[in-house]
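Below are the chains, spelled out letter by letter.
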Amino acid sequence: MKALLVLGPMVRHVDGDSAAVWVETASAGVVTVRLPGRDGEQVWRAPTFGVHGHHYALVEVTGLHPGERSTYQVLLDDQVVWPQPADPFPAPHLATSPPGGPVRLAFGSCRTSVPHDLVHETSHGVDALRTYALSLRAGEPGPLGVEPDLLLLLGDQVYADSTSAAMREFIASRRSLQEEPGAELADYEEYAHLYQLAWTEPPLRWLFSWLPSLMIFDDHDIRDDWNTSLAWREEMEQTSWWHGRVVAGLGSYWVYQHLGNLSVSARAGDPLWHELQRRQAEHPGREVDLTDAVDAFAERADRDPLSYRWSYTHPLGGSSHLVVVDSRAARNLDPEHRAMLDEAEMSWLDEQLTGDVEHLVIGTSLPYLLPRGIHHLEAWDEAVVAGAWGPRWRRPGEWLRQELDLEHWAAFHASFERVAAMVTEVADGRRGTAPASVVFLSGDVHHSYITEVVRTGGSRILQLVCSPVRNPMPVVMRAAFALVAHGIARPLGAALARSARVPDPPLRWRDVAGPWFDNNIAVLDIEGQDLRTVWLGGRRVLGIDDEPQLVLVADIELDVPPVGSSTHPARARVHPDDRSRVRPRAARALGVAALSLAAYAWWRRSR
Ligand SMILES: [Fe+2]
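Scoring rules and cut-offs
Chains are numbered independently. Their residues run from 1 in the order of the written sequence. In keeping with the predicted nature of the model, local features appear solely for residues at pLDDT of at least 70, side-chain atom pairs appear and are counted solely at 80 or more, and the whole-chain, interface and lining totals rest on all residues. Think of the side-chain values as coming from all heavy atoms in the structure, minus any hydrogens and water. Axes here refer to lines fitted to C-alpha atoms; in helices the fit is confined to the stretch in contact. Angles between the N-to-C directions go from 0 to 180 degrees. In this description a helix means any DSSP run of H or I spanning at least four residues, a strand means any run of E spanning at least two, and both kinds are numbered starting from the N terminus. The labels follow the angle: roughly parallel below 35 degrees, roughly antiparallel above 145, roughly perpendicular from 65 to 115, and oblique for the rest. Working rule for handedness: look at the near helix, and if it is turned counterclockwise from the far one by less than a right angle, call the crossing left-handed; if clockwise, right-handed. Contact between two residues is taken to exist if any of their heavy atoms lie within 4.5 Å; hydrogens are not considered. Polarity classes work like this: nonpolar for Ala, Val, Leu, Ile, Met, Phe, Trp, Tyr, Cys and Pro, charged for Asp, Glu, Lys and Arg, and polar for all others, with Gly in that last group. When DSSP locates at least two bridges between a pair of strands, those strands are taken to pair. Each metal's donors are the N, O and S atoms found within 2.8 Å of it, except that Na, K and Ca use a 3.2 Å limit; water is left out, so coordination can look incomplete. When four donors show all angles between 85 and 135 degrees the site is tetrahedral, when four or six donors have opposite pairs over 155 degrees and all other angles between 65 and 115 it is square planar or octahedral respectively, and in every other case it is irregular. Three exposure classes are used, based on accessible area relative to the maximum for each residue type with a 1.4 Å probe and protein chains only: buried under 20%, partly exposed in between, and exposed over 50%. It is the directions from the helix axis to the C-beta atoms whose arc is reported. Here a pair means two rings of Phe, Tyr or Trp (six-membered ring of Trp) with centres within 6.5 Å. Their orientation is stacked below 30 degrees between planes, edge-to-face above 60, and tilted elsewhere. In our convention, an over-ring charge means Lys NZ or Arg CZ found within 6 Å of a ring centre and within 35 degrees of that ring's normal.

## Re the packing of helix α7 (residues 242-258) against helix α10 (residues 291-303)
Right, on to step 1. Here α7 crosses α10 at 110°, and the two axes come no closer than 8 Å. What the angle tells us is that α7 and α10 run roughly perpendicular. Seen along the crossing, α7 lies across α10 with a hand that is right-handed. Contacts between α7 and α10 pair His-243, Val-246, Val-247, Leu-250, Gly-251 and Trp-254 from the former with Val-294, Asp-295, Phe-297, Ala-298, Glu-299, Ala-301 and Asp-302 from the latter.
Right, on to step 2. Of the residues contributing to the contact of α7 with α10, the split by class is eight nonpolar, two polar and three charged.

Take a look at the structure:
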């Protein structure tokens, strides 16, 4: 029998009294979420809406109580479609946020969806998120001893530009792979299939059916280097396929990822959701086709970033606050006014970054604080493209920017400085009472690390980067990268930045822990003022394809002293002494060996 539910159910935004349940169904109908209530069953309903022939519903389950937890069922036209009768996984549950309890926030980024056999686990490593799901299902939540409360996916949830064999097979069934854009995605139908490949494997589907999730895109959800510069945009716009791609990418992102990020009130203010409600009120009892509105909305969002805001906020536990920033679509690429966030977005961020909270957590797909050497290189490159070394260097600078992905906050240095001023004011207690910490959460860079801003008082400013969930940097590149990023790039980058008259960054920061290069999922545990974080990975069990073992990569307690107490650098107690980390000294030795070998090979060849 054909499955009636194509994707989901996915529990998305959850707060103290509501939960959003998202599904893709195989046909039009009315979707019901059913909970056993104190006085008999309670039901919430939503009709499906159509986009490009696919059917979706987001059911707003409201009127719940904080800390409530109950199993639920999903029905399509009064037929139970989830959980399925032979489902080996436990029944899904809905749990509202507890009134002020601890928060365990799992986070990570960069996940390719390829098979879990020996070949692919050799090339792509063990999927950390899937391993975590299997471990949670077995009742083994890892060193924290409890399940996470929330999952934050920080970008590259799907790869539209680098496709798996299964995705290429689907594309080839529709069009020739010789036609542009070849094995990359071309339209909404292909995006719908990509999401299906990414999110239907059983352990992940089970995880999404009870663990609330929030998401933000990064480049690969659309294309590598998305919006890195005006030159990049112009190059894309000359192709025959870019327009279709970005419209399909943003439209499907709204449907599959963004809609579920919003609270009931934020969703009510969303123009596309509002349009859906309007059409549904006009045609009660019928599925509304939203295709034209989704396409027009996506086209406008791409053409005019000011027309829509993808960033959002979310309450965390007692009184902590999560701000998730779009660091891709809201850019101003005009070389004269280049900015990571356009004026409207930056003003919005300015309003969100305030004190009077326990911890201020900022999610940005791109790390705000890079290894110092790379920061200098990116800032230097931006200045060179702007003409700091004269017109002849502009093109090589642009080439370098695109080749080396010099596109993080440091490559938008004016924006970096503005955010530095904002978070410093928060941490100094000049925007309300200073929180215990300001924490950036990021991904994208295919290695994980923790850094801290060097300060002399006020709140700590930390950054935790967790990448990849499943898309590791090749082993041979790790040592060289560690050498460059944490070694030679620092003096070299600083000298280059000075030569291009780039002002020193207004913050200084230092490594606290890492780098780790294997696939990981991190969990941040906020309990009052205390912060603890664990990095978890997966290890293949010999001879078994389907049961990876959860391994602890690092268990880190971050000392967060009372606000205002004098400063000593944050100490991270790292347990265990992790082997996946490439240590700087070992990295330097390996890097020097690799460079010597390369020089020797070049010398032999030139003879
Ligand atoms: Fe990325």
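Having put the structure on the table, let's press on.
## Observations concerning the sheet that holds strand β5 (residues 49-51)
Right, on to step 1. Spatially, five strands are ordered β1-β2-β6-β5-β14 in an open sheet, and the strand pairing comes out mixed. Both outer strands of the open sheet, β1 (5-14) and β14 (288-289), are each paired with one neighbouring strand and no more.
Right, on to step 2. Sheet strands touched by helix α4 (residues 188-199): β1, β5 and β6 (54-61). Its angle to β1, the strand with the most contacts, is close to 75°.

## Notes on the coordination of the iron ion
Right, on to step 1. Within the protein, the atoms that donate to the iron ion are Asp-156 (OD), Asp-218 (OD), Asp-219 (OD) and Asp-444 (OD), at distances of 2.0 to 2.3 Å.
Right, on to step 2. Around the iron ion, the four donor atoms sit at angles spanning 85 to 132°, and that spread fits a shape best called tetrahedral.
Right, on to step 3. Every donor residue of the iron ion comes from the same chain, spaced as D-x61-D-D-x224-D. A residue pair is termed long-range when its members are at least 10 positions apart, and Asp-156 in the loop between β12 (150-153) and α3 (165-172) and Asp-218 in the loop between β13 (213-215) and α6 (230-237) qualify at 62 residues. Taken individually, Asp-156 and Asp-218 each receive the classification buried, so the pair is uniform in this respect.

## Digging into α3
Right, on to step 1. If you check which residues of α3 are buried, you get Met-167, Phe-170 and Ile-171. Summarising the axial view, the buried residues of α3 lie within an arc of 100°, below the 170-degree limit, and thus occupy one face. Away from its buried face, by an angle of more than 90 degrees, α3 presents the exposed residues Ala-165 and Glu-169.
Right, on to step 2. Turning to α3, the residues buried within the fold contact α4.

## Quick word on the packing of aromatic side chains
Right, on to step 1. For the structure on display, the rule yields 27 aromatic pairs.
Right, on to step 2. Between Tyr-195 and Trp-199, the aromatic rings sit 5.1 Å apart at their centres with planes inclined by 55°, giving tilted as the arrangement. Of this pair, Tyr-195 and Trp-199 are both found in helix α4, four residues apart, which corresponds to roughly one turn of the helix.
Right, on to step 3. Assessed through its relative accessible area of 3%, Trp-199 is described here as buried.
Right, on to step 4. The ring centre of Phe-89 lies 4.4 Å from the NZ or CZ of Arg-137, which sits over that ring.
Right, on to step 5. Note that Arg-267 overlies the ring of Trp-273, its terminal NZ or CZ placed 5.8 Å from the centroid.

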